[in-house]
Amino acid sequence: MDLVEYQGKQYFARYGISISAGRVADTVDEAVAAADDVGYPVVVKAQVQVGGRGKAGGVKLAADAAEARQHASDILGLDIKGHVVRRLWIEHATDIAKEYYAGITLDRAAKLHLAMVSARGGIDIEQVADTEPEAIARLHINPLDGLERSAALQLVTDAGLDPEALEQAADILVQLYQCYTEGDADLVEINPLVLTTDGRVHALDAKVTLDDDAAFRHPEWSEFEEIGDIDPREALAKETGLQYIGLDGSVGIIANGAGLAMSTLDVVNQVGGSAANFLDIGGGANADVMANALEVINTDPNVRVILVNIFGGIVRCDEVAEGILTALGRVEIAAPIVLRLDGTNAVQARRMLEEHRSDQIIPELTMIGAAKRAVEIAGGPS
Ligand code: GDP
Ligand code: MN
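Right, let's walk through the structure included here. (Residues numbered from 1 in each chain as written. Chains lettered and ligands numbered in written order. Predicted model: local features only at pLDDT ≥ 70, side-chain atom pairs only at ≥ 80, totals over all residues. Heavy atoms only, no water.)

### Looking at the overall build of the protein chain
As a reminder of what qualifies: Helix and strand definitions here come from DSSP, where helices need a minimum of 4 consecutive H or I residues and strands a minimum of 2 consecutive E residues; each element is numbered from the N-terminal end. Each residue is placed in one exposure class: buried if its accessible area under a 1.4 Å probe, protein chains only, is under 20% of its type's maximum, exposed if it is over 50%, and partly exposed if it falls in between. By the convention used here, residues are in contact when the closest approach between their heavy atoms is within 4.5 Å. Shrake-Rupley sampling with a 1.4 Å probe provides the accessible areas, and residues are treated as covered by the protein chains on show and by no other component.
Of regular secondary structure, the protein chain possesses 13 helices and 18 strands. Counting only C-alpha atoms, the protein chain reaches 80 × 50 × 40 Å along its principal axes. Burial statistics for the protein chain: of 382 residues in total, 49% are counted as buried. By sequence separation, contacts in the protein chain at least 24 residues apart represent 70% of the contacts at least 6 residues apart. When the accessible surface of the protein chain is summed, it comes to about 17,800 Å², and 51% of that surface belongs to carbon and sulfur atoms.

Written out as structure tokens, the structure is:
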């Protein structure tokens, strides 16, 4: 789960990282009241889950209430890379001397955490990373050792931060590491981390991605969800406890088990099609689960065909068939369903479906056959 800036900053603040005082606002009037409250000059900032807000006109300085009003009305409703701004964060403006970058993420290939610091932070950090990767100092951190204060100091020194910023930046890096590990984040990023004209080091932006698999030990995360603009299909799937990831193809996929779901995606690709989603219904393929899964896929306007691929092991295929038939009675499904059932009680299941003779269900015996049929119905290989 990605947090928007102000949520990320609140997360940082719990670990002692210095941020500016600010308030959220959902209307122009609220924005002006917030600005009056935090004190001018202020920065009016769009709260959307996408970077590059500054360049898109989503971050503006205001010297007084009239300017705050103007910027708030310009930014609310603004479309930034497909994200419409519905909430603002108004904070007291900072006098910036230098903009740095600091981030920590997981380096899966190295199986270690990776901290990165640069003296060249700000809105062009991506370009710096592309053209001058040496301008970003890197440190791999073994999770068993953690990040020592001395190593943090060395890293910010290697990055070439200004001498007066080093001690504070090292402290922030240690706090950031704590936020990342104890806070169960996959990514924490401060860009810019600034040195103020009066010599303080301070987080002016926050990007935090929380590890969804750790949500069970963070009941407090539920407060972050309300404003997120997650894929409506994923929201529905989450509500019903399905493992669903939206993709942009036209073949809707339902399979039992993550491995089978992945290989179904591969096979659809192999025969020239493209999957609309990954959906693992897990072990319990009963009517409820199947109805929910079909419903989630049904909300996707790109889906032209649904490929259901079930291998019965513990789950019995006749139960799955029953589930699908019941589900079809409960939800109106737009697309035809190509169905491959194999494994425990597959013969009984096929017989049941035959007896039912639904025009909507197209049975196939093999996975590759089912994939080919589905792709054909979806309009052929692309
Ligand atoms: P992003 O473009 O989405 O990454 O948004 P940021 O929060 O990083 O803001 C973009 C840029 O706006 C920063 O790099 C700063 O240059 C500028 N900015 C943000 N807050 C302030 C502030 O308090 N004072 C000043 N002078 N500039 C700011
Ligand atoms: Mn930024």
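From this point on, the discussion continues.
### Here we look at the site of ligand 1
Stated precisely, the cut-off is as follows: Proximity criterion: a residue is near a molecule or strand once any of its heavy atoms comes within 4 Å of it. N or O atoms closer than or at 3.5 Å make up a polar contact, with two conditions inside protein: a donor-capable atom paired with an acceptor-capable one, and, for residues adjacent in sequence, both atoms drawn from side chains. Classification used: nonpolar for Ala, Val, Leu, Ile, Met, Phe, Trp, Tyr, Cys and Pro, charged for Asp, Glu, Lys and Arg, polar for all others including Gly.
Close contacts around ligand 1 come from 16 residues, with K45, R53, G54, T94 and E99 the closest. For ligand 1, an oxygen atom lies 2.8 Å from a polar atom in the backbone of G54. One of the side-chain N or O atoms of D205 is found 3.1 Å from an oxygen atom in ligand 1. In the complex, 84% of the free accessible area of ligand 1, which totals 570 Å², lies under the protein chains. Sorting the residues of the shell around ligand 1 by element identifies β2 (42-46), β3 (59-62), β7 (96-107) and β10 (185-196) as the ones contributing at least two each. Within the shell around ligand 1, the residues separate by chemical class into eight nonpolar, four polar and four charged.

### Overview of the side chain of E5
Assignment of secondary structure puts E5 in helix α1 (residues 5-14). The exposure class assigned to E5 is buried, which follows from its relative accessible area of 3%. Within the structure, the side chain of E5 is placed 2.7 Å from the side chain of K45, a separation counted as a polar contact. A polar side-chain atom of E5 sits 3.0 Å from a polar atom in the side chain of Q47. Ignoring sequence-local partners within four residues, the contact set of E5 consists of K45, Q47, R53, W89, E91, L204, D205 and A206.

### Let's talk about the packing of aromatic side chains
As a reminder of what qualifies: A pair of Phe, Tyr and Trp rings is counted when the ring centres sit within 6.5 Å of each other, with Trp represented by its six-membered ring. The angle between the planes then sorts it: under 30 degrees is stacked, over 60 is edge-to-face, the rest tilted.
Going through the model one piece at a time under the given rule, you end up with four aromatic pairs. Ring geometry for Y6 and W89: centres 5.9 Å apart, planes at 15°, overall stacked. Of this pair, Y6 sits in helix α1 while W89 sits in strand β6 (residues 88-92), placing them 83 residues apart in sequence. When its relative accessible area of 7% is taken as the criterion, Y6 is described as buried. Measuring from centroid to centroid gives 6.0 Å for Y11 and F224, while their planes differ by 70°, and the two rings are edge-to-face. With Y11 in helix α1 and F224 in helix α7 (residues 222-225), the pair connects residues that are 213 residues apart, well separated along the chain. Using a relative accessible area of 4% as the deciding quantity, one classes F224 as buried.

### Structural notes on the coordination of the manganese ion (ligand 2)
Stated formally: Donors, by definition, are the N, O and S atoms found within 2.8 Å of a metal, the threshold being 3.2 Å for Na, K and Ca, and water is not counted, so a site can look incomplete.
Looking at the manganese ion (ligand 2), the protein donor atoms are N191 (O) and D205 (OD), and they sit 2.2 Å from it. With a gap of 14 residues between them, N191 in strand β10 and D205 in the loop between β11 (201-203) and β12 (207-210) connect regions that are remote in the sequence. Each of the two residues, N191 as well as D205, counts as buried.

### Points about the side chain of K45
Examined against the element boundaries, K45 turns out to sit in strand β2. If we skip the residues at most four places from it in the chain, K45 touches E5, K9, R53, G58, V59, R87, L88, W89 and L204.

### Section: the sheet that holds β3
Applicable threshold: Two strands qualify as a pair provided that DSSP identifies no fewer than 2 bridges between them. Axes here refer to lines fitted to C-alpha atoms; in helices the fit is confined to the stretch in contact. Angles between the N-to-C directions go from 0 to 180 degrees.
Read across the sheet, four strands follow the order β1-β6-β2-β3 without closing on themselves; strand pairing throughout is antiparallel. Every other strand in the sheet has two partners, leaving β1 (22-25) and β3 as the edge strands with one partner each. Each strand of the sheet is rotated relative to its neighbour by a mean of 20°, with strand direction disregarded. The pairing of β2 with β3 spans four bridges and is classified as antiparallel. Directly across from V42, in β3, lies its bridge partner A62.

### A short note on the nonpolar core
To keep things clear, this is the line we draw: Nonpolar cores are built from buried Ala, Val, Leu, Ile, Met, Phe, Trp, Tyr and Cys residues. Side-chain atoms within 4.5 Å join them into one set.
In terms of nonpolar packing, the biggest core is built from 42 residues, with F12, L173, L176, V188 and L210 touching the most fellow members. No other element matches the nine residues that helix α6 (residues 166-182) contributes to this core. The contact partners of F12, leaving out residues within four places of it in the chain, are I17, L176, C179, V188, E189, I190, A203, D205, A206 and V208. Formed by 36 residues, the second largest nonpolar core is a distinct cluster that contains V289, I310, A327 and L341.

### Thoughts on the pattern of salt bridges
Rules: In the sections that follow, a salt bridge refers to a side-chain nitrogen of Lys or Arg positioned within 4 Å of a carboxyl oxygen of Asp or Glu.
Scanning all chains against the criterion turns up 23 salt bridges. Two residues, D2 and K207, come together in a salt bridge whose shortest N-O distance is 3.9 Å. Of the two residues, D2 sits in the segment before α1 while K207 sits in strand β12, which places them 205 residues apart along the sequence. Overall, the relative accessible area of 32% leaves D2 in the partly exposed class. Here D26 ties to R87 by a salt bridge, and the two come within 2.8 Å at their closest N and O atoms. Within this pair, whereas D26 is found in the loop between β1 and α2 (28-38), its partner R87 is found in the loop between β5 (83-84) and β6, the two being separated by 61 residues in sequence. Using a relative accessible area of 17% as the deciding quantity, one classes R87 as buried. Within the structure, one salt-bridge network assembled from shared partners comprises E5, K9, K45, R53, E91 and D205.

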